[in-house]
Amino acid sequence: MVKLRGTGLSAVNYPTGMNLGGDPSQALIHATTSGSFVVSLSATDLGQGLRTVIGQIAAEALGVGMDDVVIDTADTDTGPHDMGTFASRATHRVGNAVIAAAQEAREALLDVAEDELEAARSDLEFDGQGNILVRGAPDRSMKIADIAAAAQFKYGRTIAGRGVYMKPRSPVDPETGAMDPDSTEAHACTVAEVAVDTDTGEVTVLSIRSAYEVGRQINPALVKGQIVGGAWMGMSHALYETTQPYYPDPAYSPKDFSEYLMPGAYEMPKIECVVLEYPSSNGPYGVKGVGEMTANSPIPAIVNAIYHATGVRIDELPVTPELILRGLDARARAARLAETSTTPDS
Amino acid sequence: MSPAMNVVGRSVPRSDGIGHVTGRTQFTTDRSFPGLLHLKIVRSPLHHARILGVDLSEAERVPGFVRALTHADVPHNVYTILGLIGVEPEEEFVLAEDRVRYKGEPIVAIVAESEDAALEAVARVKLDLEELPAVFEVEEALRPGAPIVTHWGNNTFMYEGHPCRRVRFGDVEAAFARADHIVEGVYNTKPIEQAPTETTACIAVPEANGRYTVYTNTQAVYFSLDNTAIILQVPGNKLHFVGGTVGGGFGGKVDVIVEPLATLAAMKTSRPVRYAFSRSEEMQVSSTRSAWRIYMKDGVMADGRIIARKVTSYADSGAYSRQTPYALTKHAANAAGPYAIPNVSIDAYCVYTNRQPSSAMRGFGITMASFAIEVQMDKIAEVVGLDPWSIHFINAYRDGDMKPHRKLVEDATLIETMQAAAGLVGHELPARFRAMTSARRPEGGV
Amino acid sequence: MGSKIVTFVLGGREVEVMVKPMTTLQAVLRYQLGYTAVKEGCRQGGCGSCTVLVEGEPVLACLLPAEDVAGQQVTTLESITPVDGLDPLQQAFLDASGFQCGYCTPGMIMVSKALLEHNPRPTREEILDALAGNICRCTGYEPIVAAVEGAAQAGAAPGAQRR
Ligand code: FES
Ligand code: FES
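Since the structure is predicted, the reported quantities are computational estimates derived from the model, not experimental observations. (Residues numbered from 1 in each chain as written. Chains lettered and ligands numbered in written order. Predicted model: local features only at pLDDT ≥ 70, side-chain atom pairs only at ≥ 80, totals over all residues. Heavy atoms only, no water.)

Engineer: Could you give an account of the overall build of chain C, naming the residues involved and the relevant values?
Structural biologist: In terms of helices and strands, chain C carries six helices and five strands. Listed N to C, the secondary structure of chain C is β-β-α-β-β-β-α-α-α-α-α in terms of helices and strands. In terms of overall dimensions, chain C has a C-alpha envelope of 55 × 35 × 25 Å along the principal axes. Out of the 163 residues belonging to chain C, those deemed buried represent 53%. (Helix = DSSP H or I, 4+ residues; strand = E, 2+ residues; numbered from the N terminus. Buried < 20%, exposed > 50% of the residue type's maximum accessible area, 1.4 Å probe, protein only.)

Here it is, written out as structure tokens:
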């Protein structure tokens, strides 16, 4: 048994959002009398951590702590319109809408604070910890919670904000394909290392090491989670998964997890990453988007690594042991042929 | 950029963490309602067939059978999910009428007191089908005389009069003629299931005020609500969708399949109705990532510059196009990858076959483009005799470059990302690549 | 065949349920008793999301007829969650971000619970072995393995002090 090792490289870009029909998201924010802020949206959390990330953006934009923000999402009776969670769009679109709504809510707070603190608006500032201060007068400050209560009970005013972010519709020129389909681009570069068993055709992925550039990270632990989970999915796509193993023949299709192949905990390679931050021009705090792209660059990196290990080029997915063995056989045959038909001038 | 951030940029704990580790997070089918009914589907056992008859008489006698729904019960039975953003024509049948176009296509919905009773009744529905020739191969589907899958007479989605999404940039043929090398590849990928661990599901509940609350794990509540309102021909304000907690999506929960029928059944029975995919329905019937065939031809100069690329791509959309037309457009906008290629021609076809429909999945239209492009890069490196890193740096796009779909590159960081990756793996880059940046090229520079 | 009454001990409390023949423990726990931490990722024995402990051993509740647990101890994620705070294993999943969507999490925690009860200091290999029947589509497993390792280390701490 021989195990051949090889390394493969790939690099990708990935667009944020898709707006061919126009791509809007809205957010509404209102303060309760106890000083917490309810942020109403309609985007869904698929497990990527949207509620947490939007909570962070809302807290940052409002100048309050995370505990003072309640995210109320995906109830069409309370949440304003949103296109949905796909196309790596949610943090970008919803985050921008939340920042816009928070700005309006802050103005409403400042209206009341001006009266309560008897100070000019230009002298007021948020400390980011839940207070509004009068610049240069440390003793004159007020809790946002108290301002919200005063707004309700003393002034009869609302502390609320509306926000929307829309990437406008961009029709495609049917002749040339000219279009403006997305908002920004994130990038990744992956180096994969594999070992290929020449007897069985089995591939062991030894490591997947990547650099990512995703604009501002709102929550680095969640970004890392996407990268690690995506690396696994990419490896799974490269080597295992399909609903139609004999495609295009539809004769057989797996019906459950014992027939649909995916790698498990045992097959996980070493996964390493570095994340660069080059804030985008139009994302909330410079966000780009990392939801989908993490499965992409591992696939060609693994397939290229298989080539560099074995000399077998495979242009199809998934790369099964059968494909590798057939490729190795073809190479051996070609080598034998070259030996026996050596021409005199060589 | 504000200098100091309080919470942005910090790895604060997830707000839903406690719910997840205690199992208290409520997913769609964790909800229970008194009087809940179960909906199961009678599906086509054939890939392509004419429906001559449906006999429900034995199914109706199954204890616990409540009622059956057929296409005649669905107010707007033929729809297109992207109709909301103006995509035409309406093509998918909520419940099949006279023809089934893929194995697993829904024909009748059975509503029963228990899941077992629903399954029993489904098994007793008798279908009289006449098998029709079927097509499973994208290029065969485009040949004259191929069985026509759609009801409107064409096996490709039409993009404003074209059978494919086109990109035309520069003069590809002229560039091929002067290129030092031509590098070609045909890339084939098979369909992939999104496989979220929680299957697609909803429960539709009639409310006292005449409205219907639909608990769903859709990735897009308004998209699902609006499509349901169209299919059922009810004003949107009759519907209240509640979602937001989804046990994985990956694109598998953006089609609107379960909500319209469950809501219709709730309307017809005045009882809560659950419609949840089984794992095998999720795998064998619900949308997959498309299978792709991508022909890629690159003209390359001896110094490694790619001066032309021609791409012909086929996505196997299955019997209905769902979100796939969009994937092809996205594909067309990304088939040059993160590289500055001055001459590009792309034809991207969304092809109908008699296969379970494909639709969105993580990396929609791009994952397989990236696969083809990056294997192609590796081949190019070999042909011109450079290492793969060099080919990537030489061709990397910069801010201000023009992409083939005529959008200026902005926020480019490919070069910096590759430099960081080289650092991570300890690959020593030559000084000229270490010095590169993604900043705009000097005027007139290459 | 008619229904029958099945009695078993659920999280230390005796419960009595009327069960139709061939009803799974999963269906009884979820739909008759409301223990919805028992998930239903496949109902075919393929994903592990429905894992519960029967007499301390991890079992796929979707494959087990409910009558088979008559007279036995059944433990679900609900039963190991303390009234106040979290079980150290739950805390370890939280600390290591051993989840994204959370749908596989109850099953992952239950198999890990059984592992650590039997083997408080498992090797990495033994952890991988224990998790082998459970599917996670989101995390890439590494964070889950890290959570179990973290819990094992935390559990080992008092022993280390004693030495
Ligand atoms: S639900 Fe029991 S193993 Fe999947
Ligand atoms: S966290 Fe989603 S399946 Fe594991």
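Engineer: Requested: an account of the interface of chain A and chain C, with residues and values cited.
Structural biologist: With 22 residues of chain A in contact, the opposing surface of chain C contributes 19 residues. Here chain A packs against chain C, burying approximately 1,600 Å² in sum over the two surfaces, 60% of which is carbon and sulfur. Sorting the residues of chain A by area buried against chain C places A:F257, A:A265 and A:Y266 first, and these three jointly supply 38% of that buried surface. In this structure, C:R137 engages A:E241 in a salt bridge whose closest nitrogen and oxygen atoms are separated by 2.7 Å. The tally of links between chain A and chain C comes to four residue pairs in polar contact (both at pLDDT 80 or more). Among the residues making up the side of chain A that touches chain C, the classes are represented as eleven nonpolar, eight polar and three charged. (Contact = heavy atoms within 4.5 Å. Buried area = accessible area lost by both parts, 1.4 Å probe. Salt bridge = Lys/Arg side-chain N within 4 Å of Asp/Glu carboxyl O. Polar contact = N/O pair within 3.5 Å; in protein donor to acceptor, adjacent residues only side chain to side chain. Nonpolar A, V, L, I, M, F, W, Y, C, P; charged D, E, K, R; others polar.)

Engineer: So what's going on with the domain arrangement of chain A? Residues and values would help.
Structural biologist: Residue and element names in this part refer to chain A. Here the domain parsing of chain A yields domain 1 (3–15 + 183–335) and domain 2 (18–165). Computed from C-alpha coordinates alone, the two centres of domain 1 and domain 2 are separated by 39 Å. With 17 residues of domain 1 at the interface, the matching set in domain 2 holds 17 residues. For the pair domain 1 and domain 2, the summed buried surface comes to about 1,200 Å²; carbon and sulfur atoms form 57% of the total. It is I218, P284 and Y285 that lose the most area in domain 1 upon contact with domain 2, and together they represent 41% of the buried surface on that side. Connecting domain 1 to domain 2 are zero salt bridges. Put simply, domain 1 and domain 2 have seven residue pairs in polar contact (both at pLDDT 80 or more) between them. Those elements that place two or more of their residues in the side of domain 1 that touches domain 2 are β1 (3–15) and α4 (220–239). (Domains from an automatic or database assignment.)

Engineer: Quick rundown of the packing of helix α4 (residues 105–118) of chain C against helix α5 (residues 124–131) of chain C? Include the residues and the values.
Structural biologist: Residues and elements named next belong to chain C. Running from N to C, α4 and α5 cross one another at 130°; their axes reach a closest spacing of 9 Å. Judged on the interaxial angle alone, α5 and α4 are oblique. Crossing geometry of α4 relative to α5 is assigned as right-handed. Taken together, the residues of α5 that come into contact with α4 (itself represented by M108, V111, S112 and L115) are E126, I127, A130 and L131. Looking at side-chain class alone, the contact of α4 with α5 contains six nonpolar, one polar and one charged residues. (Axes fitted to C-alpha atoms, helices over the stretch in contact; angles between N-to-C directions. Parallel < 35°, antiparallel > 145°, perpendicular 65-115°, else oblique. Left-handed = near helix turned anticlockwise from the far one by under 90°.)

Engineer: Describe the pattern of salt bridges, and please don't skip the residues or the numbers.
Structural biologist: In total, this model carries 58 salt bridges over all chains according to the counting rule given. Ionic pairing is found between C:R43 and B:E115, a salt bridge with its closest N-O pair at 2.4 Å. On the criterion of chain membership, the pair formed by C:R43 in the loop between α1 (25–32) and β3 (51–54) and B:E115 in helix α3 (residues 115–124) is interchain, its members lying in two chains. Here B:R434 ties to B:E428 by a salt bridge, and the two come within 3.6 Å at their closest N and O atoms. Under the relative-accessibility criterion, B:R434 is labelled partly exposed at 49%. One network of salt bridges, in which partners are shared, links B:D30, B:K40, B:E115, B:R274, C:R30, C:K39, C:E40 and C:R43.

Engineer: Can you tell me about the nonpolar core, naming the residues and giving the values?
Structural biologist: The tendency in soluble globular proteins is for nonpolar side chains to be buried as a group. If you look at the biggest cluster of nonpolar residues, it comprises 196 residues, and the most contacted ones within it are A:I302, B:L261 and B:W389. Of all the elements, helix α10 (residues 367–384) of chain B adds the most residues to this core, at ten residues. Excluding anything up to four places from it in sequence, A:I302 contacts A:A192, A:V194, A:V205, A:I208, A:M235, A:A238 and A:L239. If you look at the next biggest cluster of nonpolar residues, it comprises 53 residues, including A:F37, A:L62, A:I71 and A:A97. (Core = buried A, V, L, I, M, F, W, Y, C linked by side-chain atoms within 4.5 Å.)

Engineer: Before we move on, could you go through the interface of chain A and chain B and cite the residues and values that matter?
Structural biologist: The interface of chain A with chain B comprises 119 residues on the first partner and 106 residues on the second. Buried area between chain A and chain B, summed over both chains or domains, comes out near 9,300 Å², and the portion from carbon and sulfur atoms is 57%. It is A:T76, A:Y247 and A:D315 that lose the most area in chain A upon contact with chain B, and together they represent 7% of the buried surface on that side. Counting across the interface, chain A meets chain B through nine salt bridges. A salt bridge links B:E382 to A:R313, with the nearest nitrogen and oxygen atoms 3.6 Å apart. Where the side of chain A that touches chain B is concerned, the elements lending two or more residues are β1, α1 (50–62), β9 (185–197), β10 (203–213), α4, β11 (270–276), α5 (298–310) and β12 (316–317) of chain A. At eight residues, the largest contribution of residues to the side of chain A that touches chain B is made by α4(A). In terms of residue class, the side of chain A that touches chain B is made up of 52 nonpolar, 43 polar and 24 charged. Pairing analysis gives two bridges linking β12(A) to strand β10 (residues 181–189) of chain B, with the strands arranged parallel. Along β10(B), the bridge assignment pairs A:E316 with B:N188. (Pairing = 2+ DSSP bridges.)

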